[in-house]
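Listed here are the chains, written in short residue letters.
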Amino acid sequence: MTTKNSGLIKPIKTAIAGLGFGESVHLPALIENDNFSPIALWHPREERLQSACNKYKKKGYTNWSSLLASKDIEAIIIATPPKARFELAKQALEAGKHLLLEKPVCLNSEQVKELEKLALKNKLSVAVNFEYRAVPVFMQAQKIIQSEVLGSTWLVKLDWIMSSRANTRRPWNWYSDSKQGGGVIGALGTHAFDMLHWLIGPSLNVNGLLSTSIKKRICAATNNLKDVTSEDICLANLEL
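Residues numbered from 1 in each chain as written. Predicted model: local features only at pLDDT ≥ 70, side-chain atom pairs only at ≥ 80, totals over all residues. Heavy atoms only, no water.

Structural notes on the overall build of the protein chain
- Scanning the protein chain for helices and strands turns up seven helices and ten strands.
- For a compact globule of 240 residues, the expected C-alpha radius of gyration is about 18 Å, and the protein chain comes in at 20 Å, within 12% of that figure.
- Projected onto its principal axes, the C-alpha coordinates of the protein chain cover approximately 55 × 50 × 35 Å.
- Buried residues in the protein chain amount to 35% of all 240 residues.
- Considering only contacts in the protein chain between residues 6 or more positions apart, those separated by 24 or more positions represent 64%.
- By element, 56% of the accessible surface of the protein chain is carried by carbon and sulfur atoms, the whole surface being about 14700 Å².
- When the 30 basic and 22 acidic side-chain charges of the protein chain are each reduced to a single mean position, those positions are 4 Å apart. (Helix = DSSP H or I, 4+ residues; strand = E, 2+ residues; numbered from the N terminus. Rg over C-alpha atoms; globule rule 2.2 N^0.38 Å. Buried < 20%, exposed > 50% of the residue type's maximum accessible area, 1.4 Å probe, protein only. Contact = heavy atoms within 4.5 Å. Areas by Shrake-Rupley, 256 points an atom, 1.4 Å probe, with all protein chains shown as cover. Lys, Arg positive; Asp, Glu negative; His and termini not counted. Charge placed at Lys NZ, Arg CZ, Asp CG, Glu CD.)

Here's the deal with the environment of C219
- Position of C219 relative to the elements: it lies in strand β8 (residues 216-219).
- A relative accessible area of 10% places C219 in the buried class.
- Apart from the residues lying within four places of it in its own chain, the contact partners of C219 are W172, N224 and K226.

Re the pattern of salt bridges
- What the rule picks out here adds up to seven salt bridges.
- Close ionic contact of E114 with K90 constitutes a salt bridge, the shortest N to O distance being 3.3 Å. Highlighted residues: E114 in helix α5 (residues 109-121) and K90 in helix α4 (residues 82-94), separated in sequence by 24 residues.
- Looking at K90, the relative accessible area reads 22%, which means it is partly exposed.
- For the salt bridge of K157 with D159, the shortest nitrogen-to-oxygen distance reads 2.6 Å. Of the two residues, K157 and D159, neither departs from the other in class, the shared state being exposed. (Salt bridge = Lys/Arg side-chain N within 4 Å of Asp/Glu carboxyl O.)

Let's talk about the nonpolar core
- Counting 24 residues, the largest nonpolar core has W64, L67, I76, I78, L99 and L115 as the members making the most contacts within it.
- For this core, the secondary structure elements donating two or more residues are β1 (12-17), β2 (36-42), α3 (64-69), β4 (75-78), α4, β5 (98-101) and α5.
- Counting residues per element, this core draws most heavily on α4, which supplies five residues.
- Leaving out residues up to four positions away in the same chain, L99 has contacts with I76, I78, A89, A92, L93, S125, V126 and A127.
- Membership of the second largest hydrophobic core comes to nine residues, among which are L27, L41, C53 and I77. (Core = buried A, V, L, I, M, F, W, Y, C linked by side-chain atoms within 4.5 Å.)

Here's the deal with the packing of helix α1 (residues 21-32) against helix α2 (residues 46-56)
- At a closest axis distance of 13 Å, the pairing of α1 and α2 adopts a crossing angle of 30 degrees. Relative to α2, the element α1 lies roughly parallel. The way α1 lies across α2 gives a crossing that is right-handed. Of the residues in α2, those in contact with E23, L27 and I31 of α1 are R48, A52, K55 and Y56.
- Residue composition of the contact of α1 with α2, by class: four nonpolar, no polar and three charged. (Axes fitted to C-alpha atoms, helices over the stretch in contact; angles between N-to-C directions. Parallel < 35°, antiparallel > 145°, perpendicular 65-115°, else oblique. Left-handed = near helix turned anticlockwise from the far one by under 90°. Nonpolar A, V, L, I, M, F, W, Y, C, P; charged D, E, K, R; others polar.)

Focus: the sheet that holds strand β3 (residues 59-61)
- Strand order in this open sheet of six strands is β3-β2-β1-β4-β5-β6, and the pairing throughout is parallel. Two strands in the sheet have a free side with no partner beyond their single neighbour: β3 and β6 (126-128). With strand direction ignored, the average angle separating the axes of adjacent strands in the sheet is 25 degrees.
- Inspection of the sheet shows β4 paired to β5 by four bridges, in the parallel sense. Bridge assignment links A75 to a residue of β5, and that residue is H98. (Pairing = 2+ DSSP bridges.)

A few points about the packing of aromatic side chains
- Within this structure, the stated rule accounts for four aromatic pairs.
- When the centroid spacing of 5.1 Å and the interplanar angle of 70 degrees are considered together, the rings of W42 and W64 count as edge-to-face. Here the residue W42 occupies a position in strand β2, and W64 occupies one in helix α3, the gap between them amounting to 22 residues. Taken individually, W42 and W64 each receive the classification buried, so the pair is uniform in this respect.
- For the pair W174 and Y175, a centre-to-centre distance of 5.9 Å together with 55 degrees between the ring planes defines the contact as tilted.
- Chaining the aromatic ring pairs together yields one cluster made of Y132, F138 and W160.
- Sitting over the ring of W172, K226 keeps its end group 3.9 Å from the ring centre. (Phe/Tyr/Trp six-rings, centres within 6.5 Å; stacked < 30°, edge-to-face > 60°. Lys NZ or Arg CZ within 6 Å of the ring centre and 35° of its normal.)

Have a look at this one:
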């Protein structure tokens, strides 16, 4: 859906860090939204960056400090793997850039709190990409619940079943490593919790069971099996 600018608001000049989800989802969304002007891309690998820059006719950076030094860039979307996200976001806030972060925002809550304090101190906007709040069917559900036409909510059951990680032939990557922010909690659980908070919430208590069903995956670099340390199953019980 194209979002038109009334002409009263200057488009926000934005850079995108990360060319996985950043290129496939964020960049097309920015191009379709007149309130934003995507002007630059960042990726640590030169060949990967140049491929995207040539395709979309955007300026490219492999040096993060050089991107942050650009006065043309007002905001940055950080869609890198989770492990790098905290340091990149911290440096961006120190450089005076507004942020949109993918989730999980960081590897732990202390890092999230540090980013929050830094954003407040520097009077910068930071948002997290909980895109399901903008899906029409969820927006309609929220209106129905808030109108109390259904009466009092006493039980919510949310099943989120995705087959992609059930494929044993999918190779080992950061998603398979808990120390790098991998696992179903950061990828999908964050969305599920956010939707429940938005629709019903807030959460008063939570307990759950995590497990890993596929314990080894092929590492493309070595062609050997590598241990999976992140969870691919989560059964959670929330008191809302």
